[in-house]
Structure formats: C-alpha cells, structure tokens
Amino acid sequence: MKVSASAPGKAILFGEHAVVYGKPAIAVAVDRRAIVTIQEGTDNHINVKIPELDVRGVIDIDNQQISHLNPEDTSELSNDPFKSSYDAGILKYIQKALSNFKTDHGLDVQVDLEIPIGGGLGSSAAVTVATMAAAARYNQQELTLESLAKMAHQVELEVQGAASPLDTTISTYGGFIYFTHKDGAVKIETSMEMPLVVGHTSKPGNTGELILKVRKLKKNHPDIIGPIMDTIETITNEARESIINGEEESVGELMNINQGLLDALGVNTPKLSNLIYQARSAGAIGSKITGAGGGGSIIAYCPGKAKEVLKTLKSVENAFEVSISSKGVTW
Ligand code: PMV
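## A word on the layout of surface pockets
- Taken as a whole, the largest pocket spans an internal volume of roughly 270 Å³.
- Looking at the largest pocket, it is lined by 14 residues, and the ones nearest its centre are Ala149, Lys150, Pro165, Thr169 and Gly184.
- Among the elements of the structure, helix 3 (145-160), helix 4 (166-173), strand 7 (176-180) and strand 8 (184-187) are those that each provide at least two residues to the lining of the largest pocket.
- Among the elements that take part in the lining of the largest pocket, helix 3 stands out by supplying 5 residues, more than any other.
- When the residues that make up the lining of the largest pocket are grouped by side-chain class, the tally is 5 nonpolar, 6 polar and 3 charged.
- A volume near 200 Å³ is recorded for the second largest pocket.
- Together, 14 residues line the second largest pocket, and Asn47, Val48, Lys49, Asp108 and Val109 are the ones closest to its centre.
- Taken together, the elements giving at least two residues each to the lining of the second largest pocket come down to strand 2 (25-40), strand 3 (46-50), strand 4 (55-59) and strand 6 (107-113).
- For the lining of the second largest pocket, the class distribution of residues is 5 nonpolar, 5 polar and 4 charged.

## Some remarks on helix 7 (residues 248-264)
- Its 17 residues place the ends of helix 7 25 Å apart at the C-alpha level, agreeing with the 24 Å of an ideal helix rising 1.5 Å per residue.
- Within helix 7 the residues assigned to the buried category are Ser250, Val251, Gly252, Leu254, Met255, Asn258, Gln259, Leu261 and Leu262.
- The secondary structure elements touched by the buried residues of helix 7 are strand 1 (2-14), helix 6 (222-244), helix 8 (270-281), strand 10 (286-290) and strand 11 (297-301).
- Following helix 7 by one or two positions, Gly266 has its phi on the positive side, about 85 degrees.

Cut-offs applied
Throughout this description, residue numbers start from 1 for each chain and increase along the sequence as written. Local features in a predicted model are, by the rule used here, given only for residues with pLDDT of at least 70; side-chain atom pairs are given and counted only at 80 or more, and totals for whole chains, interfaces and linings are based on all residues. Only heavy atoms go into the side-chain values, all of them from the structure, while hydrogens and water stay out. Note on definitions: the grid is 1 Å and covers protein atoms alone; a cavity is a set of points where a 1.4 Å probe fits but cannot get out; a pocket is an open set with protein on both sides within 12 Å along at least five of seven lines; lining residues have an atom within 4 Å of a point. Grid points are joined across faces, edges and corners, and a volume is the space filled by probe spheres set on the points. Helix and strand assignments come from DSSP, with helices taken as H or I runs of at least 4 residues and strands as E runs of at least 2, each series counted from the N terminus. Residues were grouped as follows: Ala, Val, Leu, Ile, Met, Phe, Trp, Tyr, Cys and Pro as nonpolar; Asp, Glu, Lys and Arg as charged; and all remaining residues, including Gly, as polar. How far a helix is expected to stretch is found by multiplying one less than its residue total by 1.5 Å. Only protein chains enter the calculation, and the probe is 1.4 Å; a residue is then buried if its accessible area is under 20% of its type maximum, exposed if over 50%, and partly exposed in between. Whether two residues touch is decided by their heavy atoms; if any such pair falls within 4.5 Å, the residues are in contact.

Structural data, given as structure tokens:
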C-alpha cells in the first residue's frame, strides 16, 4: 500500500513570538506544501528520503535512533536536531510524528517540500502534520482534525522545547485565521485581496533558539518586554478589524509597527532588515519578518505593486509570491 498526505506552510501576518505568551496571532496558509508519501519498506527500518534537501535518514523501529545517511555522511543524528546539520534536523520531527503510530514492519517515507526549511514559513509544522496524516491513513486509523493538530503541536513541543500551537493549527486547517489560545483558529471573513511577496534569506532561522532568546530577554526585562507583548496583542486585534473592513493602508501600517517591536525583541538581522526596507522602497505598504526571525523570511504586503516588489527582492535574495490557500491538510 502507498499513501500520501500533504499540508500547507504558512505566513504569520501579526503576532509571532507574542503568541508563545498567550497572545493572539493572524496567519495565512500559503499555496506551498509539504507532501509525505508512505509505503511498506524494503527492510526493517523506516527509511526517509527528502529529495529537495538531499537528506536521507534511517529510523530504527526498536530504539527510535535516527541515522542520517547523506552520501558523504553516515553519522548518527544528535538528539538535538539543531546541533546536527540543519536540514537533517527535520528528521527529528518525522521520527517523533511517526512514533505515535505503531508499525511492526519497515516503511519507506518520502517527503517532498515546496517550502524552504527554517524559512519562517512553518516547514516543520507542515512536515509534521502531513507525516501524521499519512501515517494515520497508512494504518487506516481515524483521526479528527482536532486531534491531529493537538498531536502535531505535541511533536513540535518535544522537538523544539517551546512552540505555540499556531503553526500546527494553520497547517491542519488552512485559510486566513485569527488564532487565540482560547478558541483556536477562527476564520477571518474578508473580501480584501492579500498580495504577499516572501523574501527569503539563505540563512535558516532556528525557531527553538529564538524562542529561548526572547524568553531570556523577557526574564531580564519583564517590565519592558511584557508591555511589548501587550502592544503586539493590540496591533493584532486592530489588524483583524482592519482586514475585515478592507483597510489596506492600516494593515500595512500595523505590519510596520509590529516589525519595529520584533526588532526590539532581538529577532531581526541585517539581511532581514535590508529585505524589509527594499520591499518598502519598491512599493510595499507593509513589510515585516514572518515567523521566528534570526534568518528565514520576510513578508511584504504590496497591493498593486507585487511585481515591482518581487523584482526588487529577487535582485537581493530569493523571493516568491504566495497566495492564501484555503486548503488545510489533505489525506
Ligand atoms: O519560524 P516559524 O515558522 O517556526 O514560526 C515560529 C513562530 C513563533 O511564534 C516564533 C513560535 C511559535 O511557536 O509560535
């Protein structure tokens, strides 16, 4: 038997990092996905192939140890995914995701990626959600979207040490959502067009490390970072109203203010800043880091100027246009 499942990546428009402290966030699923295919294995192990990253890994079914077997590299993967090669770190999410499903025989798992790894576009959540959906289908096991999102969040928590449920929620449900810890994903109904360009630096951001960096800053300066988180919450809530009312200029302004506060949280880099200001000069009315920062990507909101912004960002780093995808996980 051969089964496939796929899940979308995402872009966070408002509220990253603050969402780790119980604040709301606004995010969209994008039309770039992780596609996971599972079939019965050729030996007694779980063999994982990720062609886009040139990563191959073997998971021992009995002791759950991962070895990554790139052509020139046969070393065992460290328990800390980020101490080993960054790309191979994704194997840890796949191993944890699959460990929720019993298997008495080997599996061949292929992961095809349309999303850059560590790019702030929710690649690890998309891979985790798609892997679990494919494994559930392979085992002919019923799984509700709610329990899939919960289990996938648990995997992110175990691998990263800290993670909000935002990425796994959006990868599961898709669409344009306002996320709160109390109500989960609430769809934002709007007729507003959201032309978005992603500028992507070649350096991946390490989400786990960045969350810890912000946590340390908050611990050292609670009276400053606490109110910054509160202000990000206000921005996110105002942005929701602006999006619902179709107020483009206001959405752009709020993205730029949110960016200023992400810089204050210490997750900006010179490369990200350069992309952000280049996007604004080319006509974006809002541009900011998307996701954890420290590398990874920016998003530019550019009504009527997407082509110009795309061309400018491409002349500096990688860039691509994304559309909002209403399609969540499919299996
Ligand atoms: O960089 P990404 O795609 O992993 O997004 C991280 C978003 C954070 O708010 C920084 C962390 C989280 O778990 O919500």
